[in-house]
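What the coordinates show
The lines below spell out each chain.
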Amino acid sequence: MAKMTMVQAINLALHQEMERDDNVVVLGEDVGWDGGVFRVTDGLIEKFGEQRVIDTPLAESGIVGFSIGMALYGLKPVCEIQFSGFSYFAFHQLESHAARLRWRSGGRHHVPMVMRAPYGGGVRALEHHSESREAVYAHTPGLKMVIPSSPRNARALLVSAIRDPDPVVFFEPKAVYRAFREEVPEEEETLPIGRSQIAREGKDVTLIAYGAILHETLEAASTLQKEDGIEAEVIDLLTVSPLDDTLFTESARKTGRVVVVHEAPRSFGAGAEVVSRLVEKSFLYLEAPIRRVTGFDLIIPLFQREKAYLPGVKRIMRAIRETLEF
Amino acid sequence: MPRKEIDLPYRLEYLSILDENGEVDKNLEPNIPDELLLKLHRAMLLGRRFDERLLQLQRQGRMGTFAPITGQEAAQIGAIATLDSSDWLVPAFREMAAELWRGKKMQNVILLYAGYDEGGEIAPDLNNLPVAIPVGSQTLHAVGLSYAMKYREKKQVAMVFFGDGATSEGDFHEALNFAGVFQTPTIFVCQNNHWAISVPRSRQTRSKTLAQKALAYGVPGIQVDGNDVLAVYSAAKEAVERARSGEGPTMIECITYRMSVHTTADDPKRYRKEEEVEEWVNRDPLIRFQTYLKNKGLISDDQIDTLEEEIKAEIKAAVDQTEKRMEELGDPLAMFEHLFAELPPYLQEQRQELKLELQEADQ
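Residues numbered from 1 in each chain as written. Chains lettered and ligands numbered in written order. Predicted model: local features only at pLDDT ≥ 70, side-chain atom pairs only at ≥ 80, totals over all residues.

**As for the overall build of chain B**
Test applied: Segments assigned H or I by DSSP are reported as helices when at least four residues long, segments assigned E as strands when at least two residues long, and all are numbered from the N terminus. As a reference, a globule follows 2.2 Å times the number of residues to the power 0.38, and the radius of gyration itself is taken over C-alpha atoms. Neighbour density around each residue's C-beta defines its exposure: 20 or more other C-beta atoms within 10 Å make it buried, 12 or fewer make it exposed, and counts between make it partly exposed, where C-beta atoms are placed from the backbone. Here contacts are defined at the residue level, using C-beta atoms placed from the backbone and a cut-off of 7 Å between them.
A tally of regular secondary structure across chain B gives 13 helices and eight strands. The C-alpha radius of gyration of chain B comes to 22 Å, within 12% of the 21 Å expected for a compact globule of 363 residues. For the C-alpha atoms alone, the extent of chain B along its principal axes is close to 85 × 60 × 45 Å. Relative to its 363 residues, chain B shows a buried fraction of 45%. When contacts within chain B are restricted to residue pairs at least 6 apart in sequence, those whose partners lie at least 24 apart make up 77%.

**Description of the domain arrangement of chain A**
Accessible area lost on assembly of the parts is the figure often given for the size of an interface. Residues and elements named next belong to chain A. Where we set the bar: Domain borders in the structure are assigned automatically or taken from a domain database. Under the convention adopted here, Pro, Cys and the residues Ala, Val, Leu, Ile, Met, Phe, Trp and Tyr are nonpolar, Asp, Glu, Lys and Arg are charged, and Gly plus all remaining residues are polar.
The assigned domain composition of chain A is domain 1 (2–184) and domain 2 (197–325). For domain 1 versus domain 2, the separation of C-alpha centres amounts to 27 Å. Split into classes, the residues belonging to the side of domain 1 that touches domain 2 amount to eleven nonpolar, seven polar and six charged.

**Considerations on the interface of chain B and chain A**
On the chain A side, the residues contacting the 30 residues of chain B number 33 residues. Contributions of two or more residues to the side of chain B that touches chain A are made by α5 (139–151) and α6 (170–182) of chain B. No other element matches α5(B), which puts ten residues into the side of chain B that touches chain A. Class assignment for the residues of the side of chain B that touches chain A results in 19 nonpolar, seven polar and four charged.

**Digging into the sheet that holds strand β3 (residues 53–55) of chain A**
Residue and element names in this part refer to chain A. Basically, it comes down to this: Any two strands with at least two DSSP bridges between them are considered paired. Note on method: axes are straight lines fitted to C-alpha atoms, helices fitted across the in-contact stretch only, with angles between N-to-C directions ranging 0 to 180 degrees.
One open sheet accounts for seven strands, arranged β3-β2-β4-β5-β7-β6-β12; its pairing is mixed. At either end of the open sheet lies a strand with only one pairing partner, and these are β3 and β12 (239–241). Taken pair by pair, the neighbouring strands of this sheet meet at an average axis angle of 20°, ignoring direction. Sitting on the sheet, helix α1 (residues 6–20) touches β2 (24–28), β4 (76–80) and β7 (168–173), and the angle it makes with β2 is about 135°.

**What about helix α11 (residues 285–295) of chain B?**
All names here are of chain B. Under the convention used in this document: By arc we mean the arc of the directions from the helix axis to the C-beta atoms, nothing more.
Looking at α11, one finds that the buried residues are P285, R288, F289, Y292 and L293. Looking straight down α11, one finds that the buried residues subtend no more than 140° of arc, so they occupy a single side. Where α11 is buried, its residues meet α1 (34–59), α2 (73–80) and α9 (229–244). Looking one or two residues past α11, G297 carries a phi angle of roughly 75°, positive in sign.

**Some details on the confidence of the model for chain B**
Counted only if it meets this: Every residue is assigned a pLDDT by the predictor, reflecting its confidence on a scale from 0 to 100.
Taken residue by residue, chain B gives an average pLDDT of 96. The fraction at 70 or more is 100%. Interface confidence for the predicted complex, expressed as ipTM, amounts to 0.96; the pTM equals 0.97.

**Considerations on helix α12 (residues 313–325) of chain A**
Residues and elements named next belong to chain A. The criterion, for reference: A helix is expected to span 1.5 Å multiplied by its residue count minus one.
Taking 1.5 Å per residue as the helical rise, α12 with its 13 residues ought to reach 18 Å, and the 18 Å between its terminal C-alpha atoms agrees with that figure. If you check which residues of α12 are buried, you get I316, M317, A319, I320 and T323. Seen end-on, α12 carries its buried residues on one side only, within an arc spanning 165°. The outward face of α12, more than 90 degrees from its buried face, is lined by the exposed residues K314 and E325. The secondary structure elements touched by the buried residues of α12 are β10 (205–209), α8 (213–228), β11 (232–236), β13 (258–265) and β14 (291–295).

**Points about the sheet that holds strand β8 (residues 250–255) of chain B**
Residues and elements named next belong to chain B. Within the open sheet, the six strands sit side by side as β1-β7-β8-β4-β3-β2. Their pairing is parallel. Every interior strand has two partners, whereas the edge strands, β1 (13–15) and β2 (88–90), have only one. Each strand of the sheet is rotated relative to its neighbour by a mean of 20°, with strand direction disregarded. Where strand β3 (residues 158–163) lies against strand β4 (residues 186–192), six bridges are found, and the strand directions are parallel. Paired with G163 across the bridge in β4 is Q191. Against the sheet, α5 makes contact with β2, β3 and β4, and its axis sits at roughly 170° relative to β3, the strand it touches most. Docked against the sheet, α9 engages β1, β4, β7 (221–225) and β8, running at close to 170° with respect to β8.

**Some details on the domain arrangement of chain B**
Looking at chain B, the domain boundaries give domain 1 (13–330) and domain 2 (337–363). Look at where the C-alpha atoms of domain 1 of chain B and domain 2 of chain B centre, and you get two points 39 Å apart.

**A short note on the packing of α1(B) against helix α12 (residues 301–328) of chain B**
Residue and element names in this part refer to chain B. Rules: These descriptions rest on fixed angle ranges, namely under 35 degrees for roughly parallel, over 145 for roughly antiparallel, 65 to 115 for roughly perpendicular, and the rest for oblique. It is the rotation of the near helix from the far one that decides the hand of a crossing: anticlockwise by less than a right angle makes it left-handed, clockwise makes it right-handed.
Packing of α1 against α12 leaves a shortest axis separation of 10 Å and a crossing angle of 50°. One way to sum up the angle between α1 and α12 is to call them oblique. In this structure, α1 meets α12 at a crossing whose hand is right-handed. Between α1 and α12, the residues in contact are R42, L45, L46, R49, F50 and R53 and L307, I311, K312, I315 and V319, respectively. Grouping the amino acids of the contact of α1 with α12 by side-chain chemistry returns seven nonpolar, no polar and four charged.

**Let's talk about the packing of helix α3 (residues 60–73) of chain A against helix α4 (residues 91–98) of chain A**
Residue and element names in this part refer to chain A. Two numbers describe how α3 lies on α4: the axes approach to 8 Å, and their chain directions differ by 25°. Overall, the two elements α3 and α4 adopt an arrangement that is roughly parallel. Of α4, the residues touching α3 (which contributes S61, V64, G65 and I68) are Q93, L94, H97 and A98. In the contact of α3 with α4, the residues fall into four nonpolar, four polar and no charged.

**With respect to the nonpolar core**
Nonpolar side chains tend to gather and get buried jointly when the protein is soluble and globular. How we decide: For the purposes of this analysis, a nonpolar core is taken to be any set of buried Ala, Val, Leu, Ile, Met, Phe, Trp, Tyr and Cys residues that are connected through C-beta atoms within 7 Å.
Of all hydrophobic cores here, the largest spans 193 residues; its most connected members are M159(B), V232(B) and I252(B). When sequence neighbours within four positions are dropped, the list of residues in contact with M159(B) reads A79(B), I80(B), L83(B), D87(B), L89(B), V90(B), I187(B) and V189(B).

**Quick word on the pairing of β10(A)**
Residues and elements named next belong to chain A. What counts here: Handedness of a crossover is defined as follows: with both strands directed away from the viewer, a clockwise route from the first strand across the helix to the second makes it right-handed.
Within β10, five of the five residues are buried, which leaves the element mostly enclosed by the surrounding structure. Burial along β10 is two-sided: the face carrying V205, L207 and A209 and the face carrying T206 and I208 are both buried. Here β10 runs beside β11; their pairing, made up of five bridges, is parallel. When the bridges of β11 are listed, I208 appears paired with I235. Crossover β10 to β11 through α8 is right-handed. Where β10 lies against β13, three bridges are found, and the strand directions are parallel. Among the inter-strand pairings, T206 is bridged to a residue of β13, identified as V258.

**Observations regarding the pairing of β4(B)**
Among the seven residues in β4(B), seven count as buried, and that is most of the element. Every second residue of β4(B) is oriented toward a common face, with T186(B), F188(B), C190(B) and N192(B) on one face and I187(B), V189(B) and Q191(B) on the other, all of them buried.

**Some details on the environment of E219(A)**
Note on placement: E219(A) falls in helix α8. The spatial distance from the C-alpha of E219(A) to the C-alpha of G312(A) is 9.7 Å, given a sequence separation of 93 residues.

**What to know about the environment of R108(A)**
Mapped onto the secondary structure, R108(A) falls in the loop between α5 (101–104) and β5 (114–119). Judged by local crowding, R108(A) falls into the buried class, with 20 C-beta atoms found within 10 Å. Taking the C-alpha atoms as reference points, R108(A) and L72(A), 36 residues apart in sequence, are found 9.8 Å from one another. When residues no more than four places from it in sequence are discounted, the contact partners of R108(A) are E121(B), I122(B) and P124(B).

Given below as structure tokens:
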């Protein structure tokens, strides 16, 4: 086992999947000789050549539409959109075609592709470089929406996404890219798409999060344990869609108190879906209203105000305390 | 440094072989075996008659909205006839004649436009994509497919159809650009039928031709008389041969005309003059090809009548069979099929929800 950052772990997944299966190709802007602006695709072109590691023209719709064509032929394209904020150029290709071709052709065709994109705030970036718009993709029938939270699960989930027979949108929390290292096994590891995990066990309150903000949520949980003796259970969704409601339902029925955390805007966000499922299936188990700690329903401000926008440890802790005191 | 003219590597040609009266230019006449000429004719006639029948079915309320092809048979059949069965067809939504040529069943056409998802089914041995309605978006799929062919070192090509309106869409430009950069074996067939619903060709672009747009991307382009099946066939054959031998993509602009409505939900009288349509009646691709075949002694009026009867019976059988099949189709639960390889738990729940609702309705 080696200690790796998320960038290195994703890079490992790409290297190993390309070695294992020559249907896997990587494409996007600057993914070749530059190794990607975050260096996620570093070293691939040297090893696999320009035919399999493709520096494309600067055109996001082109990249995704081109990937769809390759996937229809039987390749497994992993395309990179440099920042998720530029993925809307390609949205109609995902919505109108990647998500529908299996259905439209009565099962004759399918689109085994992955669209990777760094997403989320916290890196002092320019406009369009800090958003969290996973709900847009999660709301689209026919797409899977995966968001890892750590180097090890990023590697394992990306391997699963590449092997998945259907299109997967894979958002990488760029605030986590180099934030910490984690042991990542050299040997193959996968994690099922559509399955959440317990990131921390507890009995008093259930916290549900995913992506970069999972780490603030965990920090809030351990601070509350130290300061108040509260045992919070933390669920890491890992896949936003298809949403796994089994673990958080079980946990909510045990604790009766729930706080959902994400950095995306609140209204119509992933948290709204989580809360709806809990209300539909576990209403009588709840001891307090479910709280959402999220980004505000605004365009994420430039980096001088970014910290105030993103839900931090303090905001999460306050919501947990209020839920417990209700 | 003086100003000087930049020497561009491409010129643009216009190709016409069979004129409006069915007179052939002997120097340009392609060497097509008699059997194939008759096959092209049959496919064009089938396309025309089936289109007419579909329009009747729609007007009788037995089918929903569709986009008729009448007048564009030569552009479709001339191009598609140059493909091998292992090549790929990437259609837009007005290529019914080309799709039938490629093995799509009339039954599927009717089912789709009668609102049955099953109409979109594609047999496993056919390298066809389903119709693509968002204008121009399918062009990129053809480029991706043909990149994959090149990567796999297969001698295949992909042929994509689109209209004049599509040349205003960004995806069309991105597709030509990708095809040019990666030198993919892609044939771009533009059916310039002069109208994008109510907007004339002159409103889509100031460019003199649509074919010249390819030149900007370093892709050869040619403009052909799209109502002349011999010209379309010759240009497409050249393009396919070039693509197959590794020399990259080509764009063919077929000058044709939408003789009918955009779709059955449209009334062209609101925006175009009948006189314009009349002019194009004289340029009918089917009649001029029949004149050519008759002049060559390949077909007689009697034989055309017999063929008409044969096709009529074929269409009738397809309509009857389809309407019979419709009685067995329509299980609402089938809407849950083919979204994903495996139905995730939340969709199993939703499927169950509908199932219970249907059971209650039955009681």
